[in-house]
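# Inside the fold
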Amino acid sequence: MTPFPAAESNAADAYTMKKQAPDAIDLLDADHLAVHALFQSYRELVRTRAPALQRRALAEEICMELTIHAKLEEELFYPAVRDALHDDELVDEAEDQHGSQREFVAQILATSPEDELYDARVAVLSEYVERHVRQEREQVFNRALAARIDMQALARAITVRKEELRAVSEALREDTLASALA
Ligand SMILES: [Fe+2]
Ligand SMILES: [Fe+2]
């Protein structure tokens, strides 16, 4: 004997799933938190004087995550925000910041992890990303949440595109980074 009839339990599951389905902002902010944690891990590698190969592997993972995240925002999220808010300046500024982020990523990828500048360049990227994320949360996310954007539909599109970008990035890691940075 189950304590609840099956139908009720299914209804409860459906309700829970509906309540818990992440929207576009949840997904993008989860990326922000994940990258923040990766940068923290990188600082720990520097503190413990980890070998160059280990530092490079983590730095490249950070660069890849940031590249995919920026693409998701540029292809899907920012256009929706631009349409809903009619504030080109806001979105142009965010896209400009992605441009600078790409330059910092390119500098890291062009630097040997044995180079004394390597860790400093990762630190510069970290600071830049933290600032961009803060601005994105305060200015873009807050206003997007108040706008009439279908955040659930956008979340589904982001999930599909992220899978595609990740599949490509794993198969052609180097090429993808090179073309994303071109
Ligand atoms: Fe962004
Ligand atoms: Fe972002």
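Here the residue index of a chain counts from 1 through its sequence in written order. For this description, chains carry letters from A and ligands carry numbers from 1, given in the order in which they are written. Side-chain atom pairs in this predicted model are given and counted only at pLDDT of 80 or more, local residue features only at pLDDT of at least 70, and totals for whole chains, interfaces and linings cover all residues.

### Quick notes on the overall build of the chain
Using the following cut-off: Where helices and strands are cited, they refer to DSSP runs of H or I of at least four residues and of E of at least two residues respectively, numbered from the N terminus. We call a residue exposed when 12 or fewer other C-beta atoms sit within 10 Å of its C-beta, buried when the count reaches 20 or more, and partly exposed for counts in between; the C-beta positions come from the backbone. Two residues form a contact once the distance between their C-beta atoms, set from the backbone, is within 7 Å.
For the chain, the count of helices and strands is seven helices and zero strands. Start at the N end of the chain and walk to the C end: the helices and strands fall as α-α-α-α-α-α-α. The buried share of the chain, taken over its 182 residues, is 18%. Across the chain, every contact between residues at least 6 apart in sequence was considered, and the portion connecting residues at least 24 apart equals 75%.

### A look at the packing of helix α4 (residues 88-109) against helix α5 (residues 118-146)
Applied cut-off: As a rule, the C-alpha atoms of each element are fitted with a line to give its axis, helices using only the stretch in contact, and angles between N-to-C directions run from 0 to 180 degrees. Reported orientations rely on four angle classes, namely roughly parallel under 35 degrees, roughly antiparallel over 145, roughly perpendicular from 65 to 115, and oblique for the rest. Crossing handedness is defined as follows: a turn of the near helix away from the far one that is anticlockwise and smaller than a right angle gives a left-handed crossing, while the clockwise case is right-handed.
Here α4 crosses α5 at 165 degrees, and the two axes come no closer than 10 Å. Considering their axes alone, α4 and α5 lie roughly antiparallel with respect to each other. The way α4 lies across α5 gives a crossing that is left-handed. In contact with L90, A94, Q97, S100, Q101, F104, V105, Q107 and I108 of α4, α5 contributes R121, V122, V124, L125, Y128, V129, H132, E136, Q139 and V140.

### Quick look at the packing of helix α3 (residues 52-85) against α5
Just so we agree on the cut-off: Under the scheme applied here, ten amino acids are nonpolar (Ala, Val, Leu, Ile, Met, Phe, Trp, Tyr, Cys and Pro), four are charged (Asp, Glu, Lys and Arg), and all others, including Gly, are polar.
Across the interface, α3 lies against α5 with an axial gap of 13 Å and an inter-helix angle of 25 degrees. It follows from the interaxial angle that α3 and α5 lie roughly parallel. Note on packing geometry: the crossing formed by α3 with α5 is left-handed. Residues A59, L66, V81, A84 and L85 of α3 pack against V122, V129, V140, R143 and A144 of α5. Residues of the contact of α3 with α5, tallied by class, amount to nine nonpolar, no polar and one charged.

### Some details on the nonpolar core
Considering soluble globular proteins, one finds that nonpolar side chains tend to be buried as a cluster. Cut-off, in case you're wondering: Take the buried Ala, Val, Leu, Ile, Met, Phe, Trp, Tyr and Cys residues, join any whose C-beta atoms are within 7 Å, and the set you get is a nonpolar core.
Core analysis: the biggest nonpolar cluster contains 15 residues, and A24, F77, Y78, V81, L154 and I158 have the highest contact counts within it. When residues of this core are traced back to their parent elements, those giving at least two are α2 (24-47), α3, α4, α5 and α6 (151-171). With six residues, α3 is the largest single contributor of residues to this core. Ignoring sequence-local partners within four residues, the contact set of A24 consists of F77, M151, L154, A155 and I158.

### Focus: α5
Cut-off, in case you're wondering: Expected span, for any helix, means 1.5 Å times one less than how many residues it has. Here the bend at a residue means the angle between the axes of two seven-residue stretches, the one that ends at it and the one that starts at it.
Taking 1.5 Å as the rise per residue, α5 with 29 residues should run 42 Å; its terminal C-alpha atoms sit 41 Å apart, in good agreement. In the structure, α5 departs most strongly from a straight axis at E136, where the bend amounts to approximately 35 degrees. For α5, the full list of buried residues reads V122, L125, V129, V133, E136, V140 and A144. The elements touched by buried residues of α5 are α2, α3 and α4.

### Let's talk about unusual backbone geometry
Notably, R49 is not glycine yet its phi reads approximately 50 degrees, a positive angle. Note that R49 resides in the loop between α2 and α3. Of note, H86 is a non-glycine position whose phi angle comes to about 55 degrees, a positive value.

### Some thoughts on α2
Compared with the 34 Å implied by 1.5 Å per residue over 24 residues, the 35 Å span of α2 between its first and last C-alpha is a close match. Every buried residue of α2 is listed here: A24, L28, V35 and Y42. Phi turns positive one or two residues past the end of α2, at R49, with a value near 50 degrees.

### As for the environment of Y42
Within the secondary structure, Y42 is located in helix α2. As for Y42 and L58, which are separated by 16 residues in sequence, their C-alpha atoms are 6.8 Å apart.

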